[in-house]
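Residue strings, one per chain:
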Number of protein chains: 2
Amino acid sequence: MPLYFQLAQQLEAAIEHGALTPGSLLGNEIELAARLGLSRPTVRQAIQSLVDKGLLVRRRGVGTQVVHSQVKRPLELSSLYDDLEAAGQRPATTVLVNTVVPASAEVAAALGVAEDGDVHRIERLRLAHGEPMAYLVNHLPLGLLDLDTGQLEATGLYRLMRSAGITLHSARQSIGARAATRDEAERLGEEEGAALLTMQRTTFDDTGRAVEFGTHTYRPSRYSFEFQLLVRS
Amino acid sequence: MPLYFQLAQQLEAAIEHGALTPGSLLGNEIELAARLGLSRPTVRQAIQSLVDKGLLVRRRGVGTQVVHSQVKRPLELSSLYDDLEAAGQRPATTVLVNTVVPASAEVAAALGVAEDGDVHRIERLRLAHGEPMAYLVNHLPLGLLDLDTGQLEATGLYRLMRSAGITLHSARQSIGARAATRDEAERLGEEEGAALLTMQRTTFDDTGRAVEFGTHTYRPSRYSFEFQLLVRS
DNA sequence: TCAATCTCTATGTCCGGACAATCTGACTAC
DNA sequence: GTAGTCAGATTGTCCGGACATAGAGATTGA
């Protein structure tokens with residue numbers, strides 16, 4: 001494990017349990033490096049990683065300070081399943097459809113495959129505490145992944161992709177809202193015309209291939225998107 | 001302007017207009033540094049900044065590649081006004097309320113001020129192409145900023161804060177949906193009960209102070225949140 | 001023919017130093 | 001008393017080098 005990473009973890013832990021209080025100066029880098037027996041670049045790399053996380057602020061001529069505001073979790077590409085599990089919500093999944101269909105124009109454009117070419121289609125109902133929370137429709141290119149219904153019900157799609165050796169890189173998302181159709185309302189236990197939260201996402205791996213295209217609808221009474229974001233400087 | 005920054009800009013421009021095609025190797029760092037007359041750390045810093053932007057991928061033992069997928073814009077803390085302006089949408093603002101009120105419990109908690117203590121309250125209607133797009137309610141602590149109604153109608157709140165010397169650092173957001181109340185519907189030109197997209201945001205400066213708390217409602221037919229996000233590694 | 005091993009290559013980590021830019025606070029001059 | 005100036009402190013940038021690590025392909029052996 002790299003030295004700068006170890007130092008970053010130690011500093012983060014010190015901030016976490018209050019050894020480094022918000023607003024306090026971290027002490028100058030060169031002295032800190034000498035005290036720890038490290039070089040300044042190594043110390044700087046550790047500090048920089050925490051600055052990128054939003055825990056520290058550096059000011060030239062002043063020093064490095066611990067920020068006051070509690071940073072919860074910056075936005076990252078995560079799966080609903082993992083989010084719910086981390087929140088202690090006991091997610092459950094019902095796979096409604098797991099099949100192969102010809103790609104619609106929208107799906108083909110998103111995944112970069114030929115229109116009417118075969119793609120996986122899965123429809124899932126995600127439950128938390130036994131209540132419907134979201135209705136998830138996903139399309140995937142063929143050949144990337146074995147989509148076993150049992151595994152899909154036991155874990156999240158992203159975890160399956162990662163364990164299949166796919167390195168997720170980035171995703172393009174669009175979050176909106178609309179009124180529920182009759183079918184959607186029925187599936188989610190809402191009234192027809194009720195407000196639904198929607199999210200569309202195309203996920204890419206590190207070679208730039210689209211590996212997943214999802215169209216999700218959420219019950220706004222049960223779910224909202226919570227995240228923290230930093231000013232890029 | 002720092003050398004690594006100049007190099008990063010050059011590389012980004014080369015990617016932009018196709019001189020560096022997706023998937024192509026960038027050539028090894030040490031040789032690149034020699035060719036440019038720079039040191040490897042400088043070249044690495046330039047490359048790293050583009051990796052953080054999602055434009056490049058590094059693989060040990062392989063090299064640095066240009067990613068295939070077109071990265072549009074990573075999520076950043078931006079104002080609706082600037083977003084609309086950048087999209088060529090000609091935003092306009094009507095200030096409905098610009099006053100000082102005692103803080104409600106919710107506002108006091110978000111801003112970290114005393115309950116019933118005075119805070120600014122502004123209510124604005126944001127229009128695009130002459131049509132209502134969003135209804136924006138913001139609360140700000142006193143003393144940070146002069147809230148001139150004329151300026152609020154001419155530009156965005158974030159731009160005003162920045163020009164007042166406030167360094168924005170991070171924000172916590174929550175995006176949801178709900179049905180429009182009678183009043184909301186009337187303001188936005190929707191039907192009562194129509195689905196609305198909602199966003200709550202608390203913004204912090206780099207000292208950790210909360211500098212703004214906003215509760216916004218958007219017409220989903222006119223606006224959705226679009227962004228790209230990267231996997232943190 | 002297939003699998004294990006080796007070698008080459010490129011990035012990852014780390015060091016030590018040098019000078020520049022900027023902010024703060026104290027000092028000085030008016 | 002106030003404003004301008006100066007010095008100290010601290011981070012920002014940049015250099016040049018060294019060794020470690022991981023991936024890919026070629027080589028070698030069974």
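Before reading further, recall that the structure is shown in the block above.
The structure contained in this document is the topic of the report that follows. (Residues numbered from 1 in each chain as written. Chains lettered and ligands numbered in written order. Predicted model: local features only at pLDDT ≥ 70, side-chain atom pairs only at ≥ 80, totals over all residues. Heavy atoms only, no water.)

### Some points on the pairing of strand E2 (residues 63–66) of chain A
All names here are of chain A. What counts is decided by this rule: To sort residues, take the accessible area from a 1.4 Å probe on protein chains only and compare it with the maximum for the residue type: under 20% means buried, over 50% means exposed, and anything in between is partly exposed. Helix and strand definitions follow DSSP, with helices as H or I runs of at least four residues and strands as E runs of at least two, each counted in order from the N terminus. Pairing between two strands is assigned when DSSP locates at least 2 bridges connecting them.
Covered by surrounding structure in E2 are Thr64 and Val66 only, the residues Gly63 and Gln65 on the alternate face being uncovered. Inspection of the sheet shows strand E1 (residues 56–59) paired to E2 by 4 bridges, in the antiparallel sense. By the bridge assignment for E2, Arg58 is matched with Thr64. Where E1 hands over to E2, the hairpin turn is made up of 3 residues, of which Gly61 adopts a positive phi near 85°.

### What to know about the pattern of salt bridges
The following threshold applies: By definition, a salt bridge exists where a carboxyl oxygen of Asp or Glu is found within 4 Å of a side-chain nitrogen of Lys or Arg.
Overall, the coordinates contain 26 salt bridges over all chains when judged by the stated rule. Note that Glu12 of chain A is salt-bridged to Lys53 of chain A, the shortest N-O span being 3.1 Å. On the criterion of sequence distance, the pair formed by Glu12 of chain A in helix H1 (residues 3–16) and Lys53 of chain A in helix H3 (residues 40–53) is long-range, its members being 41 residues apart. Of the residues examined, Lys53 of chain A reaches a relative accessible area of 32% and is grouped as partly exposed. Glu190 of chain B is the partner of Arg219 of chain B in a salt bridge, and the nearest nitrogen-oxygen pair spans 2.9 Å. Placement of the pair is Arg219 of chain B in the loop between strand E8 (210–218) and strand E9 (225–230) and Glu190 of chain B in the loop between helix H8 (182–188) and strand E7 (195–205), with a sequence separation of 29 residues. Residue Arg219 of chain B is classed as buried on the basis of its relative accessible area of 7%.

### Some details on the relation of the copies chain B and chain A
Definition in use: Residues below a pLDDT of 70 in either copy are left out; the C-alpha atoms of the rest, at least 70 in both, set the least-squares superposition of the copies.
Note on the copies: chain B fits chain A at an RMSD of 0.0 Å, the axial shift is 0.0 Å, and the rotation between them is 180°. The symmetry that links the two subunits is that of a two-fold axis. Closest approach to the rotation axis among the C-alpha atoms of chain B is made by Ala195 of chain B, whose C-alpha sits 2.2 Å away.

Everything listed here is a matter of geometry and, on its own, says nothing about what the molecule does.
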